[in-house]
Amino acid sequence: MFGKQLAELRNKLGISQYELAARMKLSRGQIANYEQGTREPDFNTLIALADFFEVSLDNLLGREWSATKATNESANITYLDGSKEELTEEEVVYLKGSLHLLRQYDIQMKKKL
């Protein structure tokens, strides 16, 4: 998955393997091996590539995560003061409303400054 994502990001920028290799101080062969999946970069190289393409490591590695993918079972779980809490639907609605009011109050207070 990483190799495909690397090639896709490189192609989006319209640069060759040679150009990416030069910018990253790697060989063209290393870039080709990464894209073909025959080799994997070390952590420092992964971080440098993510920084270069301005993407997260998850994105670079082809991982996708979304809150909407959470299962119904874990959808109403939160962590308060480090402890895991499972909330009822009523509690979720109440907390969302309270959070909305708090944010609105914060906006009003900032306008007064």
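Anyway, here's the lowdown on the structure attached to this text. Each chain carries its own residue numbering, running from 1 in the written order of its sequence. Given that the model is predicted, a residue must reach a pLDDT of at least 70 before its local features are reported, and side-chain atom pairs must reach 80 or more before they are shown or counted; all residues, however, enter totals for whole chains, interfaces and linings. Excluded from the side-chain calculation are hydrogens and water; included are all heavy atoms of the structure.

### As for the overall build of the protein
Logical step 1: The number of helices and strands found in the protein is 6 helices and 2 strands.
Logical step 2: Going from the N terminus to the C terminus, the protein shows its helices and strands as α-α-α-α-α-β-β-α.
Logical step 3: Relative to the compact-globule value of 13 Å for 113 residues, the protein shows a C-alpha radius of gyration of 22 Å, a clear excess of over 25%.
Logical step 4: Based on the C-alpha atoms only, the size of the protein along its principal axes is roughly 55 × 40 × 25 Å.
Logical step 5: Remark: exposure states derive from per-residue accessible area (1.4 Å probe, protein chains only) relative to the maximum for the residue type, with buried under 20%, exposed over 50%, and partly exposed in between. Every one of the 113 residues in the protein was classed for burial, and the buried ones make up 24%.
Logical step 6: Counted over contacts in the protein with a minimum sequence separation of 6, partners at least 24 positions apart contribute 46%.
Logical step 7: For the accessible areas, the method is Shrake-Rupley and the probe is 1.4 Å, while residue cover comes only from the protein chains on display. When the accessible surface of the protein is split by element, carbon and sulfur atoms take 52% of a total near 9,100 Å².
Logical step 8: Positive: Lys, Arg. Negative: Asp, Glu. His and the chain ends are not part of the count. To locate a charge, take atom NZ for lysine, CZ for arginine, CG for aspartate or CD for glutamate. Averaging the coordinates of the 15 positive side-chain charges in the protein and doing the same for the 17 negative ones gives two points 9 Å apart. Secondary structure counts use DSSP, requiring at least four H or I residues in a row for a helix and at least two E residues in a row for a strand, with both numbered from the N terminus. Put simply, the radius of gyration uses C-alpha atoms, and a globule should come to 2.2 Å times the residue count raised to 0.38. The contact criterion used throughout is that any non-hydrogen atoms of two residues lie within 4.5 Å.

### Considerations on the layout of surface pockets
Logical step 1: Considered as a void within the structure, the largest pocket measures approximately 150 Å³ in volume.
Logical step 2: For cavity detection a 1 Å grid was placed over the protein atoms alone, and a set of points counts as a cavity when a 1.4 Å probe fits there but cannot get out; an open set counts as a pocket when protein lies on both sides within 12 Å along at least five of seven lines, with lining residues being those that have an atom within 4 Å of a point. Forming the boundary of the largest pocket are Met1, Lys4, Gln5, Glu8, Asp58, Asn59, Gly62, Arg63 and Glu64.
Logical step 3: Listing elements by their share of the lining of the largest pocket, those giving two or more residues are helix 1 (2-13) and helix 5 (57-60).
Logical step 4: Ranked by residues supplied to the lining of the largest pocket, first place goes to helix 1 with 3 residues.
Logical step 5: A per-class count over the lining of the largest pocket returns 1 nonpolar, 3 polar and 5 charged. Grid points are joined across faces, edges and corners, and a volume is the space filled by probe spheres set on the points. Residues are sorted three ways: Asp, Glu, Lys and Arg are charged, Ala, Val, Leu, Ile, Met, Phe, Trp, Tyr, Cys and Pro are nonpolar, and all the rest, Gly among them, are polar.

### Quick notes on the pattern of salt bridges
Side-chain pairing between opposite charges can occur once the charged atoms of the two side chains come close.
Logical step 1: Within this document, salt bridges are pairs made up of a side-chain nitrogen of Lys or Arg and a carboxyl oxygen of Asp or Glu, the two lying within 4 Å of each other. Per the counting criterion, the structure on display carries 5 salt bridges.
Logical step 2: Note that lysine 12 is salt-bridged to glutamate 8, the shortest N-O span being 3.9 Å. Note that lysine 12 and glutamate 8 are positioned in helix 1 at a spacing of 4 residues, about one turn of the helix.
Logical step 3: According to the relative accessible area criterion, lysine 12 is exposed, its value standing at 65%.
Logical step 4: With relative accessibility at 37%, the residue glutamate 8 sits in the partly exposed group.
Logical step 5: For glutamate 19, the salt bridge is made with arginine 23, and the minimal N-O distance between the two is 2.7 Å. Residue glutamate 19 and its partner arginine 23 are both found in helix 2 (residues 17-24); the two are separated by 4 residues, about one turn of the helix.

### With respect to the nonpolar core
Logical step 1: By size, the foremost hydrophobic cluster in this structure holds 15 residues, and its most contacted members are Phe2, Leu6, Leu20, Leu49 and Leu60.
Logical step 2: Of all the secondary structure elements, the ones that give two or more residues to this core are helix 1, helix 2, helix 3 (28-36) and helix 4 (43-53).
Logical step 3: Leucine 20 has contacts with Leu6, Arg10, Ile15, Ile31, Leu49, Phe52 and Phe53, leaving out every residue within four places of it along the chain. Take the buried Ala, Val, Leu, Ile, Met, Phe, Trp, Tyr and Cys residues and link them wherever side-chain atoms come within 4.5 Å; each set so joined is a nonpolar core.

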